[in-house]
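Read off the chains here:
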Amino acid sequence: PKFGSMTIGTPQNFVENFNICLTSKCTRSMARMLTDMVRGRNAGGIVGVEALTLPYYRAKELCYEVACNLTNPNLGKREMILERIEVWVDLMRKQLLGERSDGVIDEEKINFDYFVQDAYRVGTTEVQCIDVLTMDDYTLNEDHDDEVFGKFKKLLYDG
């Protein structure tokens, strides 16, 4: 065809991503509870956070991840998610210790690391983008740019 159309859009706010990888000790219902606690559309959730529970396998063990989009990082901040994780860990700890009151569990080991493998930001933040756009000295990123361009060129030609 000689003619076509194209649509380009951008979100109103910069969107950041944040993942919470849970350990294999967490059940689907435990992961869903955390998702509900951070998701903004849920009662008591964090405004500006979309979240969903994703299953995956790590070393042949079923695990869960709570994948979050911070659709307005000025309202729903990473720090707020981390605080909510701490509240969830405390709830899970109390629940687990209440279920197993036989003294077999070492209470000191039922902590953040018992439930959460990792919690981390994915990709670029709004501040990082603004810093790059307002840099006076472009040479700070030349090495990185050369590396990215080299990888892109290799992909195009060696594919």
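Residues numbered from 1 in each chain as written. Predicted model: local features only at pLDDT ≥ 70, side-chain atom pairs only at ≥ 80, totals over all residues. Heavy atoms only, no water.

Caption draft 1: View of the environment of Ile110. In this structure, Ile110 sits in the loop between α2 (78-99) and α3 (112-115). Note: C-alpha distance between Ile110 and Leu96 (14 residues apart in sequence) is 8.5 Å. (Helix = DSSP H or I, 4+ residues; strand = E, 2+ residues; numbered from the N terminus.)

Caption draft 2: Representation of the environment of Lys60. Tracing the backbone shows Lys60 in the loop between β2 (49-58) and β3 (61-70). The exposure class assigned to Lys60 is exposed, which follows from its relative accessible area of 81%. C-alpha separation for the pair Lys60 and Ser24, spaced 36 residues apart in sequence, amounts to 10.0 Å. (Buried < 20%, exposed > 50% of the residue type's maximum accessible area, 1.4 Å probe, protein only.)

Caption draft 3: Local environment of the sheet that holds strand β4 (residues 116-122). Reading across from one edge, β2-β3-β1-β4 is the order of the 4 strands in this open sheet, with antiparallel pairing throughout. At either margin of the open sheet sits one strand with a lone partner, and together these are β2 and β4. Here the strands of the sheet are splayed against their neighbours by 20° on average, with no regard to which way each runs. Both strand β1 (residues 16-22) and β3 contribute to a ladder of 6 bridges, which runs antiparallel. If you follow Cys21 over to β3, its bridge partner there is Glu65. (Pairing = 2+ DSSP bridges. Axes fitted to C-alpha atoms, helices over the stretch in contact; angles between N-to-C directions.)

Caption draft 4: Representation of a nonpolar patch on the surface within the structure. A surface patch of nonpolar side chains, amounting to about 230 Å² of accessible area, comprises Met33, Val87 and Leu91. By relative accessible area, which is 33% here, Met33 ends up partly exposed. (Patch = residues over 30% accessible without salt bridge, like charges linked within 9 Å, V, L, I, M, F, W, Y side chains within 5 Å. Areas by Shrake-Rupley, 256 points an atom, 1.4 Å probe, with all protein chains shown as cover. Salt bridge = Lys/Arg side-chain N within 4 Å of Asp/Glu carboxyl O.)

Caption draft 5: Layout of the pattern of salt bridges. Using the criterion set out here, one finds 4 salt bridges in the structure. Linking Asp36 and Arg39 is a salt bridge whose minimum nitrogen-to-oxygen distance equals 3.3 Å. Overall, Arg39 belongs to the buried group, its relative accessible area being 10%. In this structure, Lys94 engages Asp90 in a salt bridge whose closest nitrogen and oxygen atoms are separated by 3.1 Å. Residue Lys94 and its partner Asp90 are both found in helix α2; the two are separated by 4 residues, about one turn of the helix.

Caption draft 6: Geometry of the nonpolar core. In terms of nonpolar packing, the biggest core is built from 27 residues, with Ile20, Leu22, Cys68, Ile81, Trp88 and Phe115 touching the most fellow members. Elements with a minimum of two residues in this core: β1, α1 (28-38), β2, β3, α2 and β4. Per-element tally for this core: the top contributor is α2, with 7 residues. The residues touching Ile81, leaving out its near neighbours within four places in the chain, are Phe18, Ile20, Val38, Ile46, Val49, Cys68 and Leu70. (Core = buried A, V, L, I, M, F, W, Y, C linked by side-chain atoms within 4.5 Å. Contact = heavy atoms within 4.5 Å.)

Caption draft 7: Seen up close, the packing of α1 against α2. Closest axis-to-axis distance for the α1/α2 pair is 10 Å, and the angle between their directions is 140°. The orientation of α1 relative to α2 falls into the category oblique. When the axes of α1 and α2 are compared, the crossing they make is right-handed. Seen from α1, the contacting residues are Met30, Met33, Leu34, Met37 and Val38; seen from α2, they are Ile81, Arg84, Ile85, Val87, Trp88, Leu91 and Met92. In terms of residue class, the contact of α1 with α2 is built from 11 nonpolar, no polar and 1 charged. (Parallel < 35°, antiparallel > 145°, perpendicular 65-115°, else oblique. Left-handed = near helix turned anticlockwise from the far one by under 90°. Nonpolar A, V, L, I, M, F, W, Y, C, P; charged D, E, K, R; others polar.)

Caption draft 8: Representation of the confidence of the model for the chain in the model. A residue-level look at the chain finds 84% of positions with pLDDT of 70 or above and a mean pLDDT of 85. Within the chain, no element has a lower average pLDDT than helix α5 (residues 142-158), which sits at 69, and none a higher one than α1, at 98. (pLDDT = per-residue confidence, 0-100.)

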